[in-house]
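Topology and contacts: notes
Now for the letters of each chain:
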Amino acid sequence: MSEENPVFQIQRVYLKDLSLEQPNSPQILLEQEQPNVDIQLGVEAAPVADGIFEVAVTATVQTKIKDKTVFLVEAKQAGIFEIRNIPEDQMGPIMGIACPQIVYPYLRGNIADVVTRAGFPPVHLAEINFQAMYEQQQAQVASAAPTPSVTQ
């Protein structure tokens with residue numbers, strides 16, 4: 001059997017979803033207090049076709065003053081990747097680390113842009129260590145797995 005060369009190519013990076021809400025405008029814009037910022041990130045991957053995968057990084061940025069939302073941004077940046085002839089044990093790290101690292105800078109730029117266009121100072125998402133995030137998720141999955149019981 002001849003070994004085929006591994007393939008890892010970006011086919012496309014695109015903004016899949018973007019939402020901005022300012023439910024308490026214009027009154028909240030008159031507040032002088034600094035808002036609290038909460039940022040949630042997620043990564044998902046799915047096969048699209050044979051050897052073609054979509055990897056998406058999702059961010060939710062919510063700013064509040066007391067219990068009132070100043071703005072809420074939800075964005076999903078995705079990429080289509082051709083990944084072939086890669087050992088199965090390397091697919092998880094590629095989908096959970098390498099692909100999100102490629103997609104994430106686009107997500108950061110789009111969020112900063114939409115927040116600025118909404119009339120606020122830009123929110124710059126911090127750099128993310130996707131390897132640490134992936135390893136943490138793997139540890140959570142491993143600890144959630146039921147341990148086999150032996151009955152005699």
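Our structure is the block above this text.
Overview of the structure. Treat the numbers as computed from the prediction; the structure is a model and nothing was measured.

1. Quick word on the overall build of the chain
The helix and strand tally for the chain stands at two helices and four strands. Listing every helix and strand of the chain by position from the N terminus yields β-β-β-β-α-α. Relative to its length of 152 residues, the chain is extended, with a C-alpha radius of gyration of 20 Å against a globular reference of 15 Å. In the chain, which comprises 152 residues, the proportion classed as buried is 31%.

2. Notes on the side chain of Thr69
Residue position: Thr69 is located in strand 4 (residues 68–84). By relative accessible area, Thr69 is classed as buried at 13%. Side chain to side chain, Thr69 and Gln62 meet in a polar contact 3.1 Å long. When near neighbours in sequence (up to four residues on either side) are disregarded, Thr69 contacts Pro23, Asn24, Ile28, Gln62, Thr63 and Lys64.

Definitions and cut-offs
Each chain carries its own residue numbering, running from 1 in the written order of its sequence. In keeping with the predicted nature of the model, local features appear solely for residues at pLDDT of at least 70, side-chain atom pairs appear and are counted solely at 80 or more, and the whole-chain, interface and lining totals rest on all residues. Side-chain measures were taken over the full set of non-hydrogen atoms in the model, leaving aside hydrogen atoms and water. Each helix is a run of DSSP H or I of at least 4 residues and each strand a run of E of at least 2, with the numbering of both proceeding from the N terminus. Radius of gyration: C-alpha atoms only; globule rule: 2.2 Å multiplied by the number of residues to the exponent 0.38. A simple rule labels every residue: compare its accessible area, found with a 1.4 Å probe on the protein chains alone, to the largest value its type can have, and call it buried under 20%, exposed over 50%, or partly exposed in between. In protein, a polar contact requires one atom able to donate a hydrogen and another able to accept it; more generally it is a pair of N or O atoms within 3.5 Å, and residues adjacent in sequence count only if both atoms are side-chain atoms. Between two residues, a contact is recorded if the distance between any of their heavy atoms is within 4.5 Å.

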